[in-house]
Amino acid sequence: MRHLVRFLTDGGRNLLFRAWLVFLISVLFVTMTIDGQSLDLRILLTNDDGFRASGITAMRKVLIENGHKVTLVAPLGNQSGSSAKLTISGKLNCQEYEDGVWSVDGSPADAVSLAIHQIMALDLPDLVISGVNSGQNLGSDINISGTVGAVVLARRWGIPGIAVSVGLDPKESDVKPKRYPGTSAAFKPAAEFIAELIDELQDSKAELERLLPGRIVLNVNYPPRNSEKIRGVRLAKISRQGGFIISYRKTDIPGQIVPRLEIATHDDSPGVTDLKL
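Because the structure is predicted, anything quoted here is derived from the model rather than measured. (Residues numbered from 1 in each chain as written. Predicted model: local features only at pLDDT ≥ 70, side-chain atom pairs only at ≥ 80, totals over all residues. Heavy atoms only, no water.)

Draft legend 1. Structural context of the overall build of the protein. Per the secondary structure count, the protein includes 5 helices and 12 strands. The burial tally for the protein puts 50% of its 277 residues in the buried class. When contacts within the protein are restricted to residue pairs at least 6 apart in sequence, long-range pairs at least 24 apart make up 75% of them. For the protein, the exposed surface amounts to about 13,900 Å²; the carbon and sulfur share of it is 51%. (Helix = DSSP H or I, 4+ residues; strand = E, 2+ residues; numbered from the N terminus. Buried < 20%, exposed > 50% of the residue type's maximum accessible area, 1.4 Å probe, protein only. Contact = heavy atoms within 4.5 Å. Areas by Shrake-Rupley, 256 points an atom, 1.4 Å probe, with all protein chains shown as cover.)

Laid out in structure tokens, this is it:
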């Protein structure tokens, strides 16, 4: 089973928040009421947009403000679409820029692997968070997502993970001076939601249990909208269709091909899926 959590919104729009449970054996979700004081966690933070990206910066700030011990280990540059790729030959360069902030010239999975086996080997993380990513991770695209790949790899070593992304609004694709302003504005509220979700997961688990049961990872997609419009949450299946469609264009240079991504608007998967919401 694979499910999605959806937030209901004002103005007749139902899609403003999505969250997937990947490799789901059983579904666990909790209400948004914090009943008690949660324990501070050791959190490994990564992404696929690069260690200086705005989304991961917002997430780190919120997590620290909520009392968690955060170690940021993320790619040196953009690694979108790298899935759970690991470097198994050659060299990886790893550099610490300030206390608890590291870059790796590899994939998000490389960053997680290095953190677990080297940087945090003596004090392993309780949780891996990947994001906040710029752009949605919907449907079958989770199979190629570096954001999701990072937490899938962490789960392989028994560490629970949450991937979080903020969607792109096609109407903002040509906005100047910076495209997709709604996405950038939603980084902080998306990070704040993840902090609340962590509290809820801590409050709901039994003593000595892990934050997430079994082989579950969460894939959260937050809408590029005002958080005041979010009214609720819903689970739905992951679509067979990806959230983006790739096409290729030839150039005047022989053998040169330019890839192009477009946001998917159609889904022929049966039932209620993330893309249909």
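Let's pick the thread back up.
Draft legend 2. Up close: the environment of Lys-250. Take Lys-250: it is sitting in strand β11 (residues 244-250). By relative accessible area, which is 67% here, Lys-250 ends up exposed. For Lys-250, the contacting residues outside a window of four places in its chain are Gln-256 and Ile-257.

Draft legend 3. Inspection of the confidence of the model for the protein at higher detail. Averaged over every residue, the pLDDT of the protein is 82; residues scoring 70 or more account for 81%. For the stretch residues 1-37, pLDDT sits under 50, and the model shows 133 contacts to residues farther than four places along the chain or on other chains. (pLDDT = per-residue confidence, 0-100.)

Draft legend 4. Spatial organisation of helix α5 (residues 187-204). The end-to-end C-alpha distance of α5 is 26 Å, a good match for the 26 Å that 18 residues give at a rise of 1.5 Å each. Taken across its 18 residues, α5 has 13 buried, putting it largely inside the fold. (Expected span 1.5 Å × (residues − 1).)

Draft legend 5. Local environment of the packing of aromatic side chains. In total, this model carries 1 aromatic pair according to the counting rule given. One cation-aromatic arrangement involves Arg-52 over Tyr-97; the distance from NZ or CZ to the ring centre is 5.3 Å. (Phe/Tyr/Trp six-rings, centres within 6.5 Å; stacked < 30°, edge-to-face > 60°. Lys NZ or Arg CZ within 6 Å of the ring centre and 35° of its normal.)

Draft legend 6. Highlighting a nonpolar patch on the surface. Taken together, the side chains of Ile-246, Tyr-248, Ile-257 and Leu-261 present a nonpolar region at the surface, about 440 Å² in accessible area. Contributing elements (two or more residues each) for the nonpolar patch: β11 and β12 (257-263). For Ile-246, the position within the fold is in strand β11. (Patch = residues over 30% accessible without salt bridge, like charges linked within 9 Å, V, L, I, M, F, W, Y side chains within 5 Å. Salt bridge = Lys/Arg side-chain N within 4 Å of Asp/Glu carboxyl O.)

Draft legend 7. Broad picture of the side chain of Glu-172. Tracing the backbone through its elements, the reader meets Glu-172 in the loop between β8 (161-166) and α4 (181-185). The side chain of Glu-172 sits in the buried core without any salt bridge; Arg-225 is the nearest counter-charge, 5.6 Å away. (Lys, Arg positive; Asp, Glu negative; His and termini not counted.)

Draft legend 8. Summary view of the packing of helix α2 (residues 108-119) against helix α3 (residues 146-156). Remark: α2 packs on α3, axes separated minimally by 8 Å, with the N-to-C direction vectors making an angle of 30 degrees. One element, α2, and the other, α3, form an angle in the roughly parallel class. By crossing handedness, the relation of α2 to α3 is classed as right-handed. Together, Pro-108, Ala-109, Val-112 and Ser-113 of α2 and Gly-146, Ala-150, Leu-153 and Ala-154 of α3 make up the contact between the two elements. By residue class, the composition of the contact of α2 with α3 is 6 nonpolar, 2 polar and no charged. (Axes fitted to C-alpha atoms, helices over the stretch in contact; angles between N-to-C directions. Parallel < 35°, antiparallel > 145°, perpendicular 65-115°, else oblique. Left-handed = near helix turned anticlockwise from the far one by under 90°. Nonpolar A, V, L, I, M, F, W, Y, C, P; charged D, E, K, R; others polar.)

Draft legend 9. A look at the environment of Thr-183. With respect to the element layout, Thr-183 can be found in helix α4. By relative accessible area, Thr-183 is classed as buried at 1%. The spacing of Thr-183 and Asp-169 is 14 residues in sequence and 7.6 Å in space, taken between C-alpha atoms. Apart from residues no more than four positions distant in its own chain, Thr-183 is found in contact with Ser-134, Gly-135, Val-166, Gly-167, Leu-168, Glu-172 and Pro-224.

Draft legend 10. Spotlight on the environment of Ile-246. Exposure remark for Ile-246: the relative accessible area of 45% places this residue in the partly exposed category. Separated by 16 residues in sequence, Ile-246 and Glu-262 place their C-alpha atoms 6.4 Å apart. Ignoring sequence-local partners within four residues, the contact set of Ile-246 consists of Pro-259, Arg-260 and Leu-261.

Draft legend 11. Just unusual backbone geometry, in detail. Between Gly-131 and the following residue, Val-132, the backbone shows a cis peptide bond with an omega angle of 15 degrees. In this fold, Val-132 is placed in strand β7 (residues 127-134). Of note, the phi angle at Ser-83 is positive, near 55 degrees, even though the residue is not glycine. The topology assignment puts Ser-83 in the loop between β4 (69-75) and β5 (94-98). Taking the relative accessible area as the measure of exposure, Ser-83 reaches 23% and is therefore partly exposed. One non-glycine residue with positive phi stands out, namely Tyr-180, at about 55 degrees. With respect to the element layout, Tyr-180 can be found in the loop between β8 and α4.

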